[in-house]
Amino acid sequence: MVKKKSAGEYNAIPYMCQLLCRTLWVFYGILSPDGLLIITVNSVGVLTQIIYVLIYLIYAPCHKKVKAFIFVSIMNIIFPGVAIALSLIVLHGDARNTLIGYLCAVVTIVMYASPLSIMITVIRTKSVEYMPFLLSFFLLLNAGAWFAFAMFLQDPYLIVPNVVGLASGSAQLIIYIIYKNKPSKVMNSSVEMIEVYVEAAEEGIHKSDSTKRTCISEPAPILSKGSSFKKIMRNLSLNNQSESHSGYLLVPC
C-alpha cells in the first residue's frame, strides 16, 4: 500500500478485528495471574495493528476511508472501552475474568474467520494477490502455538478460538496452493479480447472494400498490417484500465 500509494481492494476488517482482539487479550492477561506472556505478545500485536490500520486509513479511497474510520471508532475504541469499563465497575473476581474471557474467545474466532472475505476474493478472481502467503502461514503458526500453550494451561478461552484458527489458517494455505499458479480472470479476458480483435481484423481484410461489414460495428476501419498490432494492444490497454476502475481488475489502493 505504501509503495503504490493506494489501498486498492485490501480489506481493513481483518486488521480491525486483530486490533480489537489484541486489546482484549492484553486486558485478559492483566486479570490473569499467569498472564505475563499474554500481555507481552498481545501488546506487540496492538502496536503493529495500530500501524496497519493507520496505513490503511491514509491510503484508502475517500469512499472507503469514511466507512473504515467509523468501523475503527466503534470496533477499536467504543466497544473495548465500554467492555473494560463495565467489567471494572460492575463485575468482580471470577465474574470479571469470565466475561473478558468469553469476549476474547468470541473476538478471536471472528478474527480468524475474517479472512473469509479475502478467500472469496481469491476464488472469484483466481488471483492470490490480496492474500499474502506469509500472513496466512504465520496466522496458522500463531494459532498452533497458542493452542499448544492453552493446552498446558488448560484454558478453554484460549483453546477453542485457536482450534478455529488452525482450521482457518489451513483453509487459506490450501486455497493459496490451488490458485497461486492459475491465471486470473483479467488475464483470461485479455486473451479473449486479443482473439476477438485478431478475428475481426482477419475477417475485414478478406472482405472487399465495397462490401459493408456486418460483424464489426461502424465506424471501425479495416486494420492495416503495419498498425493492426499496435491498435490491438492500445485498445486492450484502454479496456483493461476501464475494468480496473469498475472494480473487476483488483489493483492495490
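Computed from a predicted model, the values in this text were never measured in an experiment.

### Concerning the overall build of the chain
Alright, step 1. Within the chain one finds 9 helices and 0 strands.
Alright, step 2. If you list the helices and strands of the chain from N to C, you get α-α-α-α-α-α-α-α-α.
Alright, step 3. Per-residue burial over the chain gives 38% buried out of 253 residues.
Alright, step 4. The long-range fraction of contacts in the chain, counting pairs at least 24 apart against all pairs at least 6 apart in sequence, stands at 72%.

### A few points about the packing of aromatic side chains
Alright, step 1. Overall, the coordinates contain 8 aromatic pairs when judged by the stated rule.
Alright, step 2. Consider the rings of Phe133 and Phe137, whose centres lie 5.8 Å apart with planes at 15°: the pair is stacked. Here Phe133 pairs with Phe137, and both are found in helix α6 (residues 133-153), just 4 residues apart, close to one helical turn.
Alright, step 3. What makes Phe137 partly exposed here is its relative accessible area of 30%.

### Things to note about the UniProt feature "transmembrane region" (unreviewed entry) in the chain
Alright, step 1. Under the present numbering, the feature "transmembrane region" (unreviewed entry) in UniProt falls on residues 12-31, 37-59, 68-93, 99-123, 130-153 and 159-179.
Alright, step 2. Annotated as 100% helix and 0% strand, the span residues 37-59 places its first and last C-alpha atoms 34 Å apart.
Alright, step 3. The straight-line gap between the two end C-alpha atoms of residues 68-93 is 36 Å; of that span, 85% is helix and 0% is strand.

### Here we look at helix α2 (residues 36-59)
Alright, step 1. Spanning 24 residues, α2 covers 35 Å between terminal C-alpha atoms, matching the ideal 34 Å at 1.5 Å per step.
Alright, step 2. Residues of α2 that are buried: Ile38, Asn42, Gly45, Val46, Gln49, Val53, Tyr56 and Leu57.

### A word on the nonpolar core
Alright, step 1. Residues Trp25, Tyr28 and Tyr56 are the most contacted members of the largest nonpolar core, which totals 33 residues.
Alright, step 2. Taken together, the elements giving at least two residues each to this core come down to α1 (13-31), α2, α3 (62-89), α4 (94-113), α6 and α7 (156-179).
Alright, step 3. Contacts of Tyr28, omitting those with residues within four sequence positions, involve Ile38, Asn97, Ile100, Gly101, Cys104, Asp155 and Tyr157.
Alright, step 4. Grouped together as the second largest cluster of nonpolar side chains are 8 residues, Val122, Met131, Ile175 and Tyr179 included.

### Comments concerning the packing of α1 against α2
Alright, step 1. As a packed pair, α1 and α2 sit with axes 8 Å apart at the nearest point and diverge in direction by 155°. Between α1 and α2, the angle falls in the class roughly antiparallel. The crossing of α1 and α2 is left-handed. Listed contacts from α2 to Tyr15, Met16, Gln18, Leu19, Arg22, Thr23, Trp25, Val26, Tyr28, Gly29 and Ile30 of α1 are Ile38, Ile39, Asn42, Ser43, Gly45, Val46, Gln49, Ile50, Tyr52 and Val53.
Alright, step 2. In the contact of α1 with α2, the residues fall into 13 nonpolar, 7 polar and 1 charged.

### Quick word on a nonpolar patch on the surface
Alright, step 1. The grouping of Val66, Ile70, Ile74, Ile77, Ile78, Val82, Leu86, Leu88, Ile89 and Val90 at the surface amounts to a nonpolar patch, some 960 Å² of accessible area in total.
Alright, step 2. Its relative accessible area of 43% is what places Leu88 among the partly exposed residues.

### Here we look at the side chain of Gln172
Alright, step 1. Note that Gln172 resides in helix α7.
Alright, step 2. Since its relative accessible area comes to 4%, Gln172 is described here as buried.
Alright, step 3. Residues contacting Gln172, with those up to four places away along its chain left out, are Pro115, Met119, Met131, Ser136 and Leu139.

### Some words on the confidence of the model for the chain
Alright, step 1. On average, residues of the chain carry a pLDDT of 76, and 71% of them reach 70 or more.
Alright, step 2. Taking the mean pLDDT of every element in the chain, the minimum, 49, falls on helix α9 (residues 228-246) and the maximum, 91, on α2.
Alright, step 3. Across residues 208-226, where pLDDT falls below 50, the model places 16 contacts with residues more than four positions away in sequence or in other chains.
Alright, step 4. A low-confidence stretch, residues 240-253 (pLDDT under 50), is modelled with 38 contacts involving residues beyond four sequence positions or located in other chains.

### Quick look at α3
Alright, step 1. Here α3 is 28 residues long and its end C-alpha atoms lie 39 Å apart, about the 40 Å a rise of 1.5 Å per residue gives.
Alright, step 2. Of all the bends in α3, the largest measures some 30° and sits at Ile78, one to four residues before the proline Pro80.
Alright, step 3. For α3, every residue scored as buried is listed here: Ala68, Val72, Ser73, Met75, Asn76, Pro80, Ala83 and Ser87.
Alright, step 4. In this structure, the buried side of α3 is in contact with α1, α2 and α4.

### Things to note about unusual backbone geometry
Alright, step 1. Non-glycine residue Lys5 carries a positive phi angle of around 55°.
Alright, step 2. Counting through the fold element by element, Lys5 comes out in the segment before α1.
Alright, step 3. We classify Lys5 as exposed; its relative accessible area is 57%.
Alright, step 4. One non-glycine residue with positive phi stands out, namely Lys126, at about 60°.
Alright, step 5. Here Lys126 is to be found in the loop between α5 (116-125) and α6.
Alright, step 6. Residue Lys126 is classed as partly exposed on the basis of its relative accessible area, which comes to 28%.

What counts as what
- Residues numbered from 1 in each chain as written.
- Predicted model: local features only at pLDDT ≥ 70, side-chain atom pairs only at ≥ 80, totals over all residues.
- Heavy atoms only, no water.
- Helix = DSSP H or I, 4+ residues; strand = E, 2+ residues; numbered from the N terminus.
- Buried < 20%, exposed > 50% of the residue type's maximum accessible area, 1.4 Å probe, protein only.
- Contact = heavy atoms within 4.5 Å.
- Phe/Tyr/Trp six-rings, centres within 6.5 Å; stacked < 30°, edge-to-face > 60°.
- UniProt positions renumbered as here; feature names shortened; annotations may be inferred.
- Expected span 1.5 Å × (residues − 1).
- Core = buried A, V, L, I, M, F, W, Y, C linked by side-chain atoms within 4.5 Å.
- Axes fitted to C-alpha atoms, helices over the stretch in contact; angles between N-to-C directions.
- Parallel < 35°, antiparallel > 145°, perpendicular 65-115°, else oblique.
- Left-handed = near helix turned anticlockwise from the far one by under 90°.
- Nonpolar A, V, L, I, M, F, W, Y, C, P; charged D, E, K, R; others polar.
- Patch = residues over 30% accessible without salt bridge, like charges linked within 9 Å, V, L, I, M, F, W, Y side chains within 5 Å.
- Areas by Shrake-Rupley, 256 points an atom, 1.4 Å probe, with all protein chains shown as cover.
- Salt bridge = Lys/Arg side-chain N within 4 Å of Asp/Glu carboxyl O.
- pLDDT = per-residue confidence, 0-100.
- Bend = angle between axes of the 7 residues up to and from the residue.

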